[in-house]
Amino acid sequence: MADPISPSPVAPEAGTAPNTPGPERADLRPENIQDAVIRLAGNSQDGIQTAGAFLARLAGRSDQDVMTYMTIPATISGGPSIFQVRIGSGEVLSAGDEADFLVAFYQHSYQDHIDFVREGGVVLYDSDNVEPNLDDKRFVYVGVPITGLTVEALGGTAKDKGKNIFVLGLITKIFSLDVEKLKKIITEKFAGKDESIVNTALMAFQAGYAYPVGRVLTHQYQFEHIPKKAGARAQITMDGNQALAYGLIAAGVRYGAGYPITPWSSVMETLRRELPKYGGIFVQAEDELGAVSLALGFSYSGYLAVTGSAGPGISLKTEAIGWASMAEIPLIICNIQRGGPSTGLPTNVEQSDLHQAIYGGHGDSPRVVLAAKTVEDCFYIAIEAARIARKYSTPVFILSDTSLATRIEAFDEPDLSKLMVDPKPDLSPRQSFKPYPVDAITQHIPPGTRILDGKYPLLSGLEHDEMGHPTGSPKLHMVMTAKRRNKLRKLAEEIPVPEIYGDKEGDVLLVGWGSTYGPIHDAAKQARDHGEKVGAIHLRHIHPLPNGIEKIFAKFKRIVVVEMNDQGVYGFGQLAIILRARYCEAKIESFTKTDGLTFRVKEILDGVFKGRSFAARKIPRDGAAIVHADTAPESVKSVREVVPQGVG
C-alpha cells in the first residue's frame, strides 16, 4: 500500500466528543494521502452495505481505484456484518489486510474487529452503544453519539434508520470527499421512491457532514488526485454479478433461465430486467432442472443462452449438462461459488466447485471451464465464454464466487462499439448439412433452416452418427467420444499462456485462479520488496489448460498453488491436484484455507514463506519511511482461534 493514513497523537482541544480521550486525537495532516482502508462494522439491518457502496461508487466517479469486501450473515433475521472499502489514487489489487479507519456501531462490532485495525489506526465508534478499552494505546479513539445525533436530526422514528447515512456524512467530511457527487449518488439510488425517502437520506447525510469533527480531529484527509491521461476512458463502478450480467449482454446473449440461490440471484435479476430491452427474455423456472432445460431450448433455437446457480444448483443441473455435452449444444453455465457442501456457508466464499465444474458429470462429458479474476474480468470472461461456446459448440462454465459477486470495483468503461455481438441466427439455406462430422467441429444450424437436399439432421442425447441418428456402434462411439474430446485440445492450442508477474524465474512461483488474483499479486510484490525471487501467474482458462505452462514451471524451484478450498485426503487443493496430474511435477504444492473469508496478503506470505516475516506495510510519517516491527507469529499478540460469523 502506498502512503496510507498515519495519524499521530496531538494535544487536546476544548469540546472533545464524549468518551474521547484528548491525548489520543488523530493528527490528520493537511498533505495528501494515496491509500486508505475503511471498515464499517455493524449489523446487516443497519445498511452499512449501502453506505459502503456509496463510497465505492464515489471513488469510481472520482477517477480513483477502489475495491470492497463485505460479509453478511446467512440467517434471515440478520446479524453481524461488515463492509470494507479500500480507496487509492494508484492501483488497488486487494481490499486490504488491515483497516486504517474502523467505524464500530455496536460493542460486538468493536470487539470483533479491533484486531483488524492497524496499530496507529483510527477507531470511530458510536458512543451511545460502544465502550472501548481506552487503556489499549495502539489506536486513536474517536467517540461520536451516532445514534442520538441521527435521532435528533431525523426525529424519534429514526432510531434504527439513517445511522449509515449519518456516518457517510462524517466520513465525507473527514476524508474531504466530493459532497455534491455523493448527494447525486444518494439521489440516484433512491430515485423512483417516495420523495420523503430521498429527503430523509439527504438530511441524515447533511447532519453527519455538519458534525464538528474539529473537536476530535485537527485536519481532514485528502486523497491525492492523479489526473487521467488524455483520451482515457471514463470509469464505471459495479459489483461482479452486475459486470457478469452486462458482459453476457455484450456477448450477444439474449435468452436465459434460472432459479434463485445465493449468491447467483442478482445475476438473474439483472438479466430479467435488462434482456427485454434487447428483445430477449430471462425466465425464472420452477426448479434448477427446468431452468437448464429451458436454456438448452433457447440455445437449440439458434440463440446462445445462459443459466446459472451456485454449487448445490449446479448439482441439480448435471444431467441436462451431460445432454448438452453429448448433443454438443453451446451453453453458458455460471457458477457463483459459495462455501459448501450442501447449504454450507451460503454467504461466505470458497473455490470448492472446481472439480464439480470439470468432472461433475456422468460418462465422459467434456466442457470448458473459465474463471474470472476481478470484477472487470467478470465482464470480459462472459464475452470469452460466449466466443468459445459458439466456436466449439460446447457447454462453458464461468466460475465466479461470493467475493467477486458482492465486491465493488472501478474500471475503465468497455468500448462497447467494438465488443457488442449481434446474436441474430443465420437462417440462410444450405445445400446439405451434417451437424456431427467426424473430421470437423460440430456447428448446429437453427431449426427452420432450409436444407436443399431434403436430408434434415436430428438432435439426440443418444450416441449418434454424423447426421445425429442414434447408434449403438462401439466403433462409432469411440470415434465420437474422441471428437468431443479433441475439440478441447484444439481450444488449448489457441489459449494464450498466462503472463508472469514479477520475477520470470526464481525460487517461488505463486499460482492462482479466480478472486485470489489481487492478494496473490500483492503478496508477490511484498515478497520481492523483501528480496525474495518470486513470480506469479493467474489462470483464467482452467479446462482445458493452455499449452506451455510447463515451460514456466521449469524456471522455479517451488510452485505454490494458492486457493480457497480444502487440501483434501491427499494434501492438495483442487487446482493443485489438476496441475500435478497434468504435468507430473512433484514440486507443485498447495496453500489452502476454508474459513469462508478472502485471503489476506499476510496469510499468503506466512503460509508460503514459513518462518520468514514481512512488514505489513510501510508508513511514511514526517518524511521518513517507518516500517512496522517484526510481524512473525512469535512477535505479535495472539489472535482468537474462533472467528465469529460475519468477521472479515
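Structure: above.
Being a predicted model, the structure only gives us computed values, none of them experimental.

A. Structural context of a nonpolar patch on the surface. A surface patch of nonpolar side chains, amounting to about 260 Å² of accessible area, comprises Tyr-278, Leu-416 and Met-420. Tracing the backbone shows Met-420 in the loop between helix H14 (416-419) and helix H15 (474-494).

B. Structural context of the packing of helix H1 (residues 48-61) against helix H5 (residues 179-189). Here H1 crosses H5 at 125°, and the two axes come no closer than 10 Å. In this view, H1 runs oblique relative to H5, as classed from their interaxial angle. The element H1 and its partner H5 pack so that their crossing is right-handed. Contacts between H1 and H5 pair Thr-50, Phe-54, Arg-57, Leu-58 and Arg-61 from the former with Lys-181, Leu-182, Lys-184, Ile-185, Ile-186, Glu-188 and Lys-189 from the latter. For the contact of H1 with H5, the class distribution of residues is five nonpolar, one polar and six charged.

C. Representation of the packing of helix H4 (residues 163-174) against H5. Interhelical geometry of H4 versus H5 gives an angle of 160° and a closest axis separation of 11 Å. Here H5 runs roughly antiparallel to H4, going by the angle between their axes. H5 is crossed by H4, and the crossing has right-handed handedness. For the pair H4 and H5, the contacting residues are Ile-165, Leu-168 and Thr-172 in the first and Val-179, Leu-182 and Ile-186 in the second.

D. Here's a closer look at unusual backbone geometry. Here the bond from Gly-340 into Pro-341 is cis, since omega is 5°, no more than 30 degrees from zero. Mapped onto the secondary structure, Pro-341 falls in the loop between strand S11 (331-337) and helix H11 (354-359). Following His-543, the chain continues to Pro-544 via a peptide bond in cis, the omega torsion being 0°. Structurally, Pro-544 can be placed in the loop between strand S18 (541-543) and helix H17 (549-553). Look at Asp-63: it is not a glycine, yet its phi comes out positive at around 60°. By secondary structure assignment, the location of Asp-63 is in the loop between H1 and strand S2 (65-71). Asp-63 sits in the partly exposed class, given a relative accessible area of 31%. The phi dihedral of Ser-176 is positive, around 50°, even though this residue is not glycine. With respect to the element layout, Ser-176 can be found in the loop between H4 and H5. For Ser-176, a relative accessible area of 32% translates into the label partly exposed.

E. Molecular detail of the state of the cysteines. One pass over the structure, following the stated rule, counts zero disulfides. A disulfide-free cysteine, Cys-378 has its sulfur positioned 9.4 Å from the sulfur of Cys-334, the nearest such atom.

F. View of the sheet that holds strand S19 (residues 556-563). Read from one edge of the open sheet, five strands run S15-S17-S16-S19-S20, paired in mixed fashion. Edge strands, defined here as strands with exactly one partner in the open sheet, are strand S15 (501-502) and strand S20 (588-592). As defined by bridge partners, S15 adjoins strand S17 (residues 534-539) across two bridges and the pair is classed as antiparallel. By the bridge assignment for S17, Tyr-501 is matched with Ala-536. Lying on the sheet, helix H18 (residues 574-583) is in contact with strand S16 (506-513), S17, S19 and S20; it crosses S19 at an angle near 140°.

G. Spotlight on the sheet that holds strand S8 (residues 255-258). Strand order across the open sheet formed by seven strands is S9-S8-S10-S11-S13-S12-S18, with mixed pairing between neighbours. In the strand order of this sheet, the two ends are held by strand S9 (281-284) and S18, each with one partner. Averaged over all pairs of adjacent strands, the angle between their axes in this sheet comes to 25°, without regard to strand direction. Looking at chain direction, S8 and strand S10 (residues 305-309) are connected through two bridges and run parallel. The residue of S10 that forms the bridge with Gly-256 is Val-306.

What counts, and at which threshold
- Residues numbered from 1 in each chain as written.
- Predicted model: local features only at pLDDT ≥ 70, side-chain atom pairs only at ≥ 80, totals over all residues.
- Heavy atoms only, no water.
- Patch = residues over 30% accessible without salt bridge, like charges linked within 9 Å, V, L, I, M, F, W, Y side chains within 5 Å.
- Areas by Shrake-Rupley, 256 points an atom, 1.4 Å probe, with all protein chains shown as cover.
- Salt bridge = Lys/Arg side-chain N within 4 Å of Asp/Glu carboxyl O.
- Helix = DSSP H or I, 4+ residues; strand = E, 2+ residues; numbered from the N terminus.
- Axes fitted to C-alpha atoms, helices over the stretch in contact; angles between N-to-C directions.
- Parallel < 35°, antiparallel > 145°, perpendicular 65-115°, else oblique.
- Left-handed = near helix turned anticlockwise from the far one by under 90°.
- Contact = heavy atoms within 4.5 Å.
- Nonpolar A, V, L, I, M, F, W, Y, C, P; charged D, E, K, R; others polar.
- Buried < 20%, exposed > 50% of the residue type's maximum accessible area, 1.4 Å probe, protein only.
- Disulfide = S-S within 2.5 Å.
- Pairing = 2+ DSSP bridges.

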